[in-house]
Amino acid sequence: MEVTPSKIRGILIDLDGTFVDHIQTITRCFQYACRELGFQEPTAEKVKRSIGGSMPVTIQKFLPPEQVEAGKEIWRRRFEEIHLQGVIVLHGADELLDHCNSSGIKAAIFTNKTGRHSRAIIENEGYSERFEFVLGAEDTPYRKPQPEYSAAAIEKIGIPGEQLAMVGDSPFDIEAARAGGMAAICVTTGSHNREELLNAGADKVFDSLAEVSHWLAFGN
């Protein structure tokens, strides 16, 4: 897909691995759930390589099927306690939002993290007023990369898919972009490297949100 920055009127930004680094806290929750159930704790690297779909999908990689439901409940309880800890806003986030705000590009968060927790994180970090909305899991019956979820985000931002870019860090984001007719713009700050993202079909891959901002402004 040929992507022209001048045609982009809005961006949907993934949260974990794209706008913020929350991996330490997420890892602690997976390790805690496994430990409580008597199973080996996944390493931080294994967790990082596994996330993207959603917690209910990811936890299946660390626990046997008969323990997944119990693991979900333990994970949720622990995450509720510590979800505002360990959040790092990634390099270039402010630069990207500054460019969007000055150029009339709408920006919103579109994530598989629960909407309630995502909004709490965005508010806690002081970014609520800079986004059109934060749409997350449990706000709809869907998750990335289901086409219905992309459609819900597109309807909410009010811009046709062909004039939107999905900015993310994983193949789930690329699939979500394709499902909505959006450009798939990826960063290597999360779960996958440049080669993996290109092989998964990303239109553009950058090393930071600052580079995304520069591309939107100058086209290179």
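Now for a quick tour of the structure. (Residues numbered from 1 in each chain as written. Predicted model: local features only at pLDDT ≥ 70, side-chain atom pairs only at ≥ 80, totals over all residues. Heavy atoms only, no water.)

## Description of the pattern of salt bridges
- According to the stated counting rule, one finds 14 salt bridges in the structure shown.
- The partner of glutamate 196 in a salt bridge is arginine 49, and the shortest N-O contact between them spans 2.6 Å. In this pair, glutamate 196 sits in helix H9 (residues 194–199) while arginine 49 sits in helix H2 (residues 44–50), placing the two residues 147 residues apart along the sequence.
- On the basis of relative accessible area, glutamate 196 is assigned to the partly exposed category, the value being 25%.
- A salt bridge links aspartate 94 to arginine 130; the nearest nitrogen and oxygen atoms lie 3.3 Å apart. Placement of the pair is aspartate 94 in helix H5 (residues 93–103) and arginine 130 in the loop between helix H6 (115–124) and strand S5 (134–137), with a sequence separation of 36 residues.
- Overall, the relative accessible area of 21% leaves arginine 130 in the partly exposed class.
- Overlapping salt bridges bring together Asp14, Lys144 and Asp173 as one network. (Salt bridge = Lys/Arg side-chain N within 4 Å of Asp/Glu carboxyl O. Helix = DSSP H or I, 4+ residues; strand = E, 2+ residues; numbered from the N terminus. Buried < 20%, exposed > 50% of the residue type's maximum accessible area, 1.4 Å probe, protein only.)

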